[in-house]
Amino acid sequence: MQVAVLTEPGEFEYRERDRPVPDADEVLVRVGEVGICGSDVHYYEHGRIGDYVVESPLVLGHEAAGEVVETGRGVTGLASGDRVAMEPGVPCRRCAYCSRGEYNLCPDVTFMATPPDDGAFAEYVAWPADYCYRLPESVSTREGSLCEPLSVGIHVCRRGAVGLGDSVLVTGAGPIGLLVADVARAAGATDVLVADPVDRKRDLASARGADVTVDPADLTEAVAAHTDGLGVDVVVEASGAPSAIEGTLDCVRRGGRVVLVGLASESTASLDTLALVDDEIDVRGSFRYRDTYPAAVSLLADGSVDVAGLVDFEASLADLGSAFERARDPETVKGLVEVTTRR
Ligand SMILES: NC(=O)c1ccc[n+]([C@@H]2O[C@H](COP(=O)([O-])OP(=O)(O)OC[C@H]3O[C@@H](n4cnc5c(N)ncnc54)[C@H](O)[C@@H]3O)[C@@H](O)[C@H]2O)c1
Ligand SMILES: C[C@@H](O)[C@H](N)C(=O)O
């Protein structure tokens, strides 16, 4: 089978590898569609993210869906022909975090496209059946691939306890911020505000139903105007910009919640701890997700969230290099790669 490997920053090579044979608890998936994530682009540009360094050729891509073509002998819940979304992180299932159900915190997770684990820009991937989620007829394979960023958004809203009648500010209108906004709305938020410096991103957020969109330069005033000076119930920081992280406390109401999901390139941002205490603010990190794929599939099946509307372009595996160049454009929200032709 053909795989695309990142050999060095900016360089993909196509290689022939043996088609994987599924273990007893695995299915073999013929990969259909794979989204390009910001972390894929970061590995493509820099060959590393923090301590994760691409030291040998790496298959990128972890937002993946496809069709089951073979099942291991112990698999009962899936059959050949099923279309599935693949959850890219498979934990060890034994550590203290896995035992508590907090498997997204497992230190021994195998996570697609995170060195040294290969991802899904490959014709076939063998993957544990219980980390593959069947897609109903109403959810396309391309939508299924975007269960991954949607899962990030679901976990964020759970971490922020977003609920009925809440006002929610999202800073950063990339795929994560836009999906957080959609999930917040589905969870009952009645006021959704989105901040981004890029005009096109704000326009997209408006078109998707944000009540207020604002340039970060005008953020504090816009939030005050919309909330009678109170601040919002929940701020979700989804840009990673240090100024946005530091600005969260200017926008949240006393007693409100701040969820940090954006990753700053360095831990230079600081939060006013006196204000945290005085205003009784809950600040929470949000790391990947756990138990979100069933909810993601349901949100897509009932039309609550539109992931297809985030897609700016679709490329074939043969054009991976140019697809990554397009994905680098700050105006791009989401690029998809069709790995094998749709059937
Ligand atoms: N914690 C996790 O599990 C997790 C998972 C996925 C992504 N992330 C991180 O979440 C962030 C968002 O991911 P993404 O894929 O949407 O990224 P993205 O780069 O596509 O989007 C970030 C957006 O933030 C905007 N932005 C820049 N400066 C800003 C500011 N000061 N105020 C408001 N917006 C600003 C950019 O214009 C852009 O639209 C990234 O930092 C990413 O690394 C974290
Ligand atoms: C969660 C996933 O989307 C993220 N890019 C990561 O590698 O952690």
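Parameters and conventions
Residues numbered from 1 in each chain as written. Chains lettered and ligands numbered in written order. Predicted model: local features only at pLDDT ≥ 70, side-chain atom pairs only at ≥ 80, totals over all residues. Heavy atoms only, no water. UniProt positions renumbered as here; feature names shortened; annotations may be inferred. Helix = DSSP H or I, 4+ residues; strand = E, 2+ residues; numbered from the N terminus. Expected span 1.5 Å × (residues − 1). Buried < 20%, exposed > 50% of the residue type's maximum accessible area, 1.4 Å probe, protein only. Contact = heavy atoms within 4.5 Å. Disulfide = S-S within 2.5 Å. Near = heavy atom within 4 Å. Polar contact = N/O pair within 3.5 Å; in protein donor to acceptor, adjacent residues only side chain to side chain. Areas by Shrake-Rupley, 256 points an atom, 1.4 Å probe, with all protein chains shown as cover. Nonpolar A, V, L, I, M, F, W, Y, C, P; charged D, E, K, R; others polar. 1 Å grid on protein atoms, 1.4 Å probe; cavity = no way out; pocket = protein on both sides within 12 Å on 5 of 7 lines; lining within 4 Å. Points joined across faces, edges and corners; volume = space filled by probe spheres on them. Core = buried A, V, L, I, M, F, W, Y, C linked by side-chain atoms within 4.5 Å. Domains from an automatic or database assignment. Lys, Arg positive; Asp, Glu negative; His and termini not counted. Salt bridge = Lys/Arg side-chain N within 4 Å of Asp/Glu carboxyl O. Arc of directions from axis to C-beta.

- Taking an unreviewed UniProt entry as the reference, the protein is identified by name as L-threonine 3-dehydrogenase belonging to Halomarina ordinaria.
- Per UniProt, the comment on the protein under Pathway (unreviewed entry) is "Amino-acid degradation; L-threonine degradation via oxydo-reductase pathway; glycine from L-threonine: step 1/2."
- Per UniProt, the protein carries the Cofactor (unreviewed entry) text "Zn(2+)".

**Notes on helix α5 (residues 175-186)**
Right, on to step 1. With 12 residues, α5 extends 16 Å between its outermost C-alpha atoms, agreeing within 8% with the 16 Å of an ideal straight helix rising 1.5 Å per residue.
Right, on to step 2. The element α5 is largely enclosed, with a buried count of 9 among its 12 residues.
Right, on to step 3. Tucked into the core, α5 has its buried residues touching α4 (147-159), β12 (167-171), β13 (191-195), α6 (199-207), β15 (232-237) and β19 (334-338).

**Considerations on the UniProt feature "domain: Enoyl reductase (ER)" (unreviewed entry) in the protein**
Right, on to step 1. According to UniProt, the "domain: Enoyl reductase (ER)" (unreviewed entry) feature falls on residues 10-337.
Right, on to step 2. Helix and strand shares over residues 10-337 are 28% and 27% respectively, and the end C-alpha atoms of the span are 17 Å apart.

**Section: the state of the cysteines**
Right, on to step 1. Taken as a whole and judged by the stated rule, the model has 0 disulfides.
Right, on to step 2. Considering cysteine sulfurs only, Cys 98 is the nearest to Cys 95, which forms no disulfide, with 3.7 Å between them.
Right, on to step 3. Cysteine Cys 106 shares no disulfide, and the gap to the nearest cysteine sulfur, in Cys 92, comes to 3.7 Å.

**What about the site of ligand 2?**
Right, on to step 1. With respect to spatial proximity, the complete set of residues near ligand 2 consists of Cys 37, Ser 39, His 62, Phe 111, Glu 148 and Arg 288.
Right, on to step 2. The separation between a nitrogen atom of ligand 2 and a polar side-chain atom of Ser 39 is 3.0 Å.
Right, on to step 3. For ligand 2, an oxygen atom lies 3.0 Å from a polar atom in the side chain of Glu 148.
Right, on to step 4. The protein chains hide 78% of the 250 Å² of surface that ligand 2 would expose on its own.
Right, on to step 5. The class makeup of the residues in the shell around ligand 2 is 2 nonpolar, 2 polar and 2 charged.

**A few points about the site of ligand 1**
Right, on to step 1. Near ligand 1 you find 23 residues, and of these Asp 196, Lys 201, Leu 263, Ser 286 and Arg 288 are the closest.
Right, on to step 2. Between ligand 1 and the protein, one listed contact pairs a nitrogen atom with a backbone N or O atom of Gly 172 at 3.4 Å.
Right, on to step 3. Within the complex, the protein chains bury 76% of what would otherwise be the 860 Å² of accessible surface of ligand 1.
Right, on to step 4. Listed by contribution, the elements that provide at least two residues to the shell around ligand 1 are α5 and α8 (242-251).
Right, on to step 5. Residue composition of the shell around ligand 1, grouped by class: 14 nonpolar, 6 polar and 3 charged.

**Comments concerning empty space enclosed by the protein**
Right, on to step 1. A full pass over the atoms with the stated rule returns 1 cavity of 30 Å³ or more.
Right, on to step 2. Lining the largest cavity are Glu 87, Gly 89, Val 90, Pro 91, Tyr 103, Asn 104, Val 109, Phe 111, Arg 288 and Tyr 289.
Right, on to step 3. When the residues that make up the lining of the largest cavity are grouped by side-chain class, the tally is 6 nonpolar, 2 polar and 2 charged.

**Looking at the nonpolar core**
A general feature of soluble globular proteins is that nonpolar side chains tend to end up buried together.
Right, on to step 1. Core analysis: the largest hydrophobic core is formed by 98 residues, its most contacted members being Ile 36, Leu 60, Met 86, Phe 121, Leu 150 and Phe 324.
Right, on to step 2. When residues of this core are assigned to domains, at least three fall in each of domain 1 (2-146 + 307-338) and domain 2 (153-285).
Right, on to step 3. Those residues in contact with Phe 324 that sit more than four places away from it in its chain are Phe 12, Ile 36, Asp 40, Val 41, Tyr 44, Leu 60 and Phe 121.

**A closer look at the side chain of Glu 237**
Right, on to step 1. By secondary structure assignment, the location of Glu 237 is in strand β15.
Right, on to step 2. Comment: no salt bridge for buried Glu 237; closest opposite-charge side chain is Lys 201, at 12 Å.
Right, on to step 3. Within the structure, the side chain of Glu 237 is placed 2.8 Å from the side chain of Thr 171, a separation counted as a polar contact.
Right, on to step 4. Apart from residues no more than four positions distant in its own chain, Glu 237 is found in contact with Thr 171, Ala 244, Ile 245, Thr 248, Val 259, Leu 260, Val 261 and Gly 262.

**Examining α6**
Right, on to step 1. Taken together, the buried positions of α6 are occupied by Lys 201, Arg 202, Leu 204 and Ala 205. For α6, the angular spread of buried residues about the axis comes to 160°, placing them on one side. Counted as exposed and oriented over 90 degrees from the buried face of α6: Asp 203 and Ala 207.
Right, on to step 2. Structurally, α6 contributes buried residues whose contacts are with α5, β13 and β14 (212-214).

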